[in-house]
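# Secondary and tertiary structure notes
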Number of protein chains: 2
Amino acid sequence: MATQEQNTLLVAANKLRSNKIKNTPQRQVILSYLMTSHAHPSIEMIFKYVRTNGFSVSLATVYNTLQLFVDHNLIIEIAADSGGHMRYDYFETPHYHVICVNCNKIVDVFDDTYKENEKLATKKTGYRILNSQYEVYGICPDCQKKIDTKISV
Amino acid sequence: MATQEQNTLLVAANKLRSNKIKNTPQRQVILSYLMTSHAHPSIEMIFKYVRTNGFSVSLATVYNTLQLFVDHNLIIEIAADSGGHMRYDYFETPHYHVICVNCNKIVDVFDDTYKENEKLATKKTGYRILNSQYEVYGICPDCQKKIDTKISV
DNA sequence: TTGTTATTGAGAATTATTATCATTTAAATC
DNA sequence: GATTTAAATGATAATAATTCTCAATAACAA
Ligand SMILES: [Mn+2]
Ligand SMILES: [Mn+2]
Ligand SMILES: [Zn+2]
Ligand SMILES: [Zn+2]
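Residues numbered from 1 in each chain as written. Chains lettered and ligands numbered in written order. Predicted model: local features only at pLDDT ≥ 70, side-chain atom pairs only at ≥ 80, totals over all residues. Heavy atoms only, no water.

### Some details on the packing of aromatic side chains
A full pass over the atoms with the stated rule returns 11 aromatic pairs over all chains. Measuring from centroid to centroid gives 3.9 Å for Tyr33(A) and Tyr49(A), while their planes differ by 5 degrees, and the two rings are stacked. Here Tyr49(A) lies in helix α3 (residues 43-52) and Tyr33(A) lies in helix α2 (residues 25-36), a separation of 16 residues in the sequence. What makes Tyr33(A) buried here is its relative accessible area of 10%. When the ring of Tyr96(B) is compared with that of Tyr134(B), the centres are 5.0 Å apart and the planes differ by 65 degrees; the resulting orientation is edge-to-face. Here the residue Tyr96(B) occupies a position in strand β3 (residues 96-100), and Tyr134(B) occupies one in strand β5 (residues 128-139), the gap between them amounting to 38 residues. (Phe/Tyr/Trp six-rings, centres within 6.5 Å; stacked < 30°, edge-to-face > 60°. Helix = DSSP H or I, 4+ residues; strand = E, 2+ residues; numbered from the N terminus. Buried < 20%, exposed > 50% of the residue type's maximum accessible area, 1.4 Å probe, protein only.)

And the structure:
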């Protein structure tokens with residue numbers, strides 16, 4: 001009987017096959033991690049995840065693999081981290097991101113009305129539109145509590 | 001009689017004053033450049049602009065100044081450049097950006113309906129919303145011609 | 001299997017960004 | 001206008017992020 005981990009690796013392997021990307025253990029585990037994680041991880045988080053899960057990987061391979069997935073429109077890059085790090089997200093179902101400017105926590109909102117703007121973008125600019133991304137910045141509930149406490153003291 | 005350049009420097013100086021930011025020649029010229037340019041320049045472009053216009057400036061000051069302006073919500077950062085460079089934009093009137101994935105050209109669309117999504121974001125996430133950014137990716141008309149020509153040859 | 005070609009990975013090289021701190025400057029006060 | 005003081009500048013050092021190199025390895029088509 002297959003474990004959950006083995007199962008997500010198989011799902012990832014199939015996704016790679018259907019995108020005509022050569023299967024490697026590194027690619028499978030990185031893709032399966034992005035498919036199941038809600039953390040919107042950074043390069044460093046992905047690198048650590050792969051190694052702590054018993055796979056060998058180099059930082060160069062993480063960079064190469066993520067670029068490959070971006071080029072295939074499997075994942076998106078989010079410039080969310082005030083530390084200047086990119087964050088990565090499996091992007092099958094259109095959604096947008098709400099990002100805490102204090103702690104960098106990213107949450108999803110599964111609503112695709114923002115995509116409506118692509119029509120006007122085409123008309124106004126003549127660009128051939130490929131995709132679009134929407135990011136909302138604010139303070140998450142946890143950080144609101146911390147900040148409000150700090151102010152009232 | 002004031003030249004156009006002197007005039008935009010004065011406008012920038014007033015903007016700094018009204019934001020209680022200490023006036024320096026470097027800050028004035030960087031802000032006036034961002035206010036009048038439609039290029040959405042990178043750090044390097046800003047650095048060169050300031051120097052070629054007869055002002056002394058260091059790269060450190062460009063970085064510091066842009067961070068200061070971002071913190072004061074005078075400008076926004078756009079992670080647009082496939083070369084990994086940030087681009088900067090004076091952001092008084094809400095608008096969004098259409099970015100060519102081939103040549104990195106950025107054009108404005110002055111329509112703020114994308115901001116409507118902020119309401120749902122608050123309701124769904126509990127975040128206290130500060131601002132939001134929308135980016136559309138595609139191929140600009142010039143690059144469409146080049147690419148289509150290449151294919152047909 | 002075997003052969004071909006693409007991928008991996010360790011470390012070097014490069015590039016981007018931030019930190020340091022002596023010098024200079026803005027602007028508030030006299 | 002001169003004095004004062006805190007803040008800004010800038011040359012360069014330090015750090016961190018990303019890309020490059022290329023020999024060894026692995027995928028997979030035939
Ligand atoms: Mn997401
Ligand atoms: Mn703009
Ligand atoms: Zn937070
Ligand atoms: Zn273009």
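### With respect to the coordination of the zinc ion (ligand 3)
Residues and elements named next belong to chain A. Taken together, Cys-100 (SG), Cys-103 (SG), Cys-140 (SG) and Cys-143 (SG) make up the protein donors of the zinc ion (ligand 3), found 2.2 to 2.3 Å from the metal. Considering all four donor atoms around the zinc ion (ligand 3), the spread of angles at the metal, 103 to 114 degrees, places the coordination shape in the tetrahedral class. Summarised as a motif, the one-chain spacing of the donors to the zinc ion (ligand 3) is C-x2-C-x36-C-x2-C. Placement of the pair is Cys-100 in strand β3 (residues 96-100) and Cys-140 in the loop between β5 (128-139) and α6 (141-152), with a sequence separation of 40 residues. Both residues of the pair, Cys-100 and Cys-140, count as buried. (Donors = N, O, S within 2.8 Å, 3.2 Å for Na, K, Ca; no water. Tetrahedral: all angles 85-135°; square planar, octahedral: opposite > 155°, others 65-115°.)

### What about the nonpolar core?
In terms of nonpolar packing, the biggest core is built from 39 residues, with Tyr96(A), Val98(A), Tyr134(A), Val136(A), Tyr96(B), Val98(B) and Tyr134(B) touching the most fellow members. For this core, the secondary structure elements donating two or more residues are β1 (75-78), β3, β4 (106-109) and β5 of chain A together with β1 (75-78), β3, β4 (106-109) and β5 of chain B. Filtering out sequence-adjacent residues up to four positions away, Val98(A) remains in contact with Lys105(A), Ile106(A), Val107(A), Val109(A), Val136(A), Ala121(B), Thr125(B), Tyr127(B) and Ile129(B). (Core = buried A, V, L, I, M, F, W, Y, C linked by side-chain atoms within 4.5 Å. Contact = heavy atoms within 4.5 Å.)

### Regarding the relation of the copies chain A and chain B
Mapping chain A onto chain B leaves a residual RMSD of 0.1 Å; the transformation is a rotation of 179 degrees accompanied by 0.1 Å of translation along its axis. What we have between these two chains is a two-fold relation. Considering only C-alpha atoms, the residue of chain A closest to the rotation axis is Tyr134(A), which sits at 2.2 Å. (Least-squares fit on C-alpha atoms with pLDDT ≥ 70 in both.)

### Topic: the protein's contact with DNA strand C
Residues in close proximity to DNA strand C total 16 residues, the closest being Thr24(A), Ser56(A), Asn23(B), Tyr63(B) and His85(B). For DNA strand C, the fraction of atoms within 4 Å of the protein that belong to sugar or phosphate moieties is 88%. Measuring from a phosphate oxygen of DNA strand C, one finds a side-chain N or O atom of Thr24(A) at 2.6 Å. In this structure, a phosphate oxygen belonging to DNA strand C sits 2.8 Å away from a main-chain N or O atom of Asn23(B). Those elements giving two or more residues to the surface near DNA strand C turn out to be α2 and α4 (59-71) of chain A together with α4 (59-71) of chain B. When its residues are assigned to classes, the surface near DNA strand C shows five nonpolar, seven polar and four charged. (Near = heavy atom within 4 Å. Polar contact = N/O pair within 3.5 Å; in protein donor to acceptor, adjacent residues only side chain to side chain. Nonpolar A, V, L, I, M, F, W, Y, C, P; charged D, E, K, R; others polar.)

### Side note on the UniProt feature "binding site: Zn(2+)" (unreviewed entry) in chain A
According to UniProt, the feature "binding site: Zn(2+)" (unreviewed entry) maps to Cys100(A), Cys103(A), Cys140(A) and Cys143(A) in the numbering used here. Taken along the chain, the residues just named run across 44 residues; in space they keep tight, none of their C-alpha pairs more than 8.2 Å apart. With sequence-adjacent residues up to four places away left out, Cys100(A) is seen in contact with Lys105(A), Gly138(A), Ile139(A), Cys140(A), Cys143(A) and Tyr127(B). Take Cys103(A): it is sitting in the loop between β3 and β4. Cys103(A) has contacts with Cys140(A) and Cys143(A), leaving out every residue within four places of it along the chain. (UniProt positions renumbered as here; feature names shortened; annotations may be inferred.)

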